[in-house]
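# Structural features, examined
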Amino acid sequence: MNRRLLSGLLRIGTSLRHSESRLLARTQTVALFLGTCLLCLSLAGLALTWFGDALHRERAESIAPQLCDAQEATVLYRFGGFTQVNNRPVTIIVLAPLSDDAPLPPGVAEWPEPGEAVVSPALARDLTGQLEGLFGPVSAQIGLDGLEVPQERRVYLRPTDQALNADAMESICGFGATIEGGAYAGSGSLNASPVAEVLLLVAGVLLLPGLGATASASSLRGEENRRRITALVTSGLRRRDLAVIDLAETWPGMLGGFVLAGALTGVAMCMDVRVPWVDAWFPAADTRRLAAPIVAALLIGAVLAVTIVLLGRGHGRQATAPRRRHRRWKKASPSLLLICGLLLAIWFPLWNPGSKLTDFVYAAGVVLTVLALPGVVTALSAWCGRMLARWGYRRGHAGRLIAGRQLVSLSKASSHLALAMTLALLAGGQIQLWAGSMSPQYFESVETLDRWGEKVAVLDHLDAAAAPEDLVALLPNEVGAFSAGFDFDESDAADAEPMPHIEASCELLSSWGLECAQQQVSATELLTNVPVLGQVYELAGATDIEITPTAAPGQIMRGYETGSGVYLMSVNGADLDMRRIERMLHANAPGVQVFCQPQEWITAGQVQYIRSRWTVTLGAVGLSVLAIVLGLALAHDSARAARNLAPVGALSGSVSCAASTARWRTGVIVLVSGLTATVLYLILPLGQARVATNNDSVLWRPSPAYAAVCLAITVLVAAVASISAARATGRATRRWRP
């Protein structure tokens, strides 16, 4: 291709881009800008997820302890388990260096003094107000190299000489080891979603909408493009010549989207990005370490956008031979498909809560509902059109009357675009339901904690204490301890249920309304008088309970050695001061954990809620861009349909009729699509949300946040698209000449 021909082709493409005769002069540029930006950012997100996971695994191995013999040990190490702060899991590690030059954990600059702690930055931000000093004085913060993930909450405790229990700690020679099975994995690894699920989520709510938005933008002016190119084809231009024209016409939108995506990633490399809504922190240092794959992903996104545009516009030019109409079976009724889909999705889980086919039948119901959507959207649009036409006729408003008549018989392009918007919002909702599914135990735990409060707590990892019996004297005066276990007697029948027994102080037994004597009480009567004891695991399903008073409350702590559970309970019926008890344990017995029974499920549920919020957040971005592009395409189609009114408006000197027609037609279609998707998202999982609590299935409950996002997207797109359609139609009316 010589220079003169190339220059001529570029001028043709530029003139087409600046042509004033087209509808919605800048619509395609804006749509390509949004689609390309989302496409590039989604690929950058995939690269960040994949290579970031490798970085996190590398750091998790670097902070794992190197086990060795006691003679070679330089540090005493104990994995202290997990606690929670603001319902977020915290990893506790107890460390005691054996020499001044003992190797430090990664991310720690110097050893804390005995009784002090080193915490991660995320935990340091949480330890304010009443939580300040929860783990003792904080001497420093852990660097990024010492955390499995940047937002991990981790604390290193160095016990005092009095609290040190060397026999319960492991001997290590340093840090940096591959531990099979993740025995020393912290909350950053244990609570992280599998990388395959994250990739699938990003692809579903960002990449696919980006591809759809770019493809829709490339074919936005398909009919107008075919008419304009016909003259050029007859002049002898080849396919590659037309590709040059296409690039000259569309490059500003694609370049702008690529530049914006690059600018956003550049900002992330220069400054830390924190998103409290999803408890996320993206340090600039980590983003810079992954600069090469991110830049490569951006370039791939730009190339992919160009390819989609060329293929989409090239496909639109190809002449298609008229197809012969073959006799086909009559299509199934949309109402029948919709009813069957709703029955399978809602009725089956309610009537068969224990069935293993619940998820499969729900998926089948969703598929049938999707198959019914074309007819449902068309029928709802027609019904709204008849109502709008009747309203316009009664009010004498020509624009509403004509728009209503057009809605009754939508064009194929408008029907497809409305269906695409409905499917996009509904598909995003199903992804959110999957990502935010909860177990029934979580909701039971929330209800239990709200009803009973923090009146009973469990002491765990008591073997970490140097003298567990001494901890009773350190408890607040209004707190009593008791142990609960089972009495196993070999003389009993093999199938007999062991009787639970409780060992408690006389003061605590008196608060339960019992005498300070060896006795056997009915479990029903005890739980009726003291309902909070229903949180004690050992009493579940018991008929009778053996009560043993003790004059030495310190011996209750020794029940841990025989397999009994050790509990704390408020003597006066008030809630326990959990933070005060935790401070005492961290100072005098580092590694001993105290928690309320429901709190474990609630903490795990909060982790799942964060994943659900990620789905809502990413879905809001991806679906907003896709919906805006589809809305612009609808505006373009509505403006083209209202173009027939341009001569009437130009001759009468009024552009309001044509503009009003395009505005109402576009706005109603978008509102019908968005509201249909939102309603189906809310009602389809009703059966899954009310499944029996004794089932092992998870509960799929719609998210109010996602429903609000869908409504906001619908209103935003309806406003933008209707205004664009009205302005384009008004411009065409004013420029019409006989």
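Our structure's up above, just so we're on the same page.
## Focus on the nonpolar core
Within soluble globular proteins, side chains that are nonpolar generally end up buried alongside one another. Core analysis: the biggest nonpolar cluster contains 66 residues, and Tyr362 and Leu684 have the highest contact counts within it. The element that contributes the greatest number of residues to this core is helix H19 (residues 597-642), accounting for twelve residues. Filtering out sequence-adjacent residues up to four positions away, leucine 684 remains in contact with Leu342, Ala345, Ile346, Tyr362, Val366, Thr369, Leu426 and Gln430. By size, the runner-up hydrophobic cluster in this structure holds 25 residues, among which are Ala484, Leu514, Met569 and Phe595.

## Focus on the pairing of strand S11 (residues 479-487)
With seven of nine residues buried, S11 lies mostly within the body of the structure. Two strands pair when backbone bridges link them, and S11 and strand S15 (residues 565-570) are joined in this way by six bridges, in the antiparallel orientation. Pairing of alanine 484 across the sheet is with glycine 565, part of S15.

## Regarding the state of the cysteines
With the rule as written, the count across this model stands at two disulfides. Shown here is the disulfide that connects cysteine 68 with cysteine 173, its sulfur atoms set 2.1 Å apart. As the torsion about the S-S bond is roughly 115°, the cysteine 68-cysteine 173 disulfide counts as right-handed. Here the residue cysteine 68 occupies a position in the loop between strand S1 (65-67) and strand S2 (75-85), and cysteine 173 occupies one in strand S7 (residues 170-175), the gap between them amounting to 105 residues. Here cysteine 506 pairs with cysteine 516 through a disulfide, and the sulfurs are 1.6 Å apart. Here cysteine 506, found in helix H16 (residues 506-511), pairs with cysteine 516, found in the loop between H16 and strand S13 (519-522); they are ten residues apart in sequence, far enough to count as distant.

## Topic: the sheet that holds S13
Reading across the sheet, the seven strands line up as S13-S14-S12-S11-S15-S10-S16 and stay open at both edges, with mixed pairing between neighbours. Among the strands making up the open sheet, the edge pair consists of S13 and strand S16 (593-595). For this sheet the average axis-to-axis angle between neighbouring strands, irrespective of direction, equals 30°. In this sheet, S16 lies alongside strand S10 (residues 456-460) in antiparallel orientation, the contact comprising three bridges. Bridge pairing in S16 places aspartate 460 opposite glutamine 593.

The rules behind these values
- Residues numbered from 1 in each chain as written.
- Predicted model: local features only at pLDDT ≥ 70, side-chain atom pairs only at ≥ 80, totals over all residues.
- Heavy atoms only, no water.
- Core = buried A, V, L, I, M, F, W, Y, C linked by side-chain atoms within 4.5 Å.
- Buried < 20%, exposed > 50% of the residue type's maximum accessible area, 1.4 Å probe, protein only.
- Helix = DSSP H or I, 4+ residues; strand = E, 2+ residues; numbered from the N terminus.
- Contact = heavy atoms within 4.5 Å.
- Pairing = 2+ DSSP bridges.
- Disulfide = S-S within 2.5 Å.
- Axes fitted to C-alpha atoms, helices over the stretch in contact; angles between N-to-C directions.

Without other data, these values stay purely geometric and don't point to any function.
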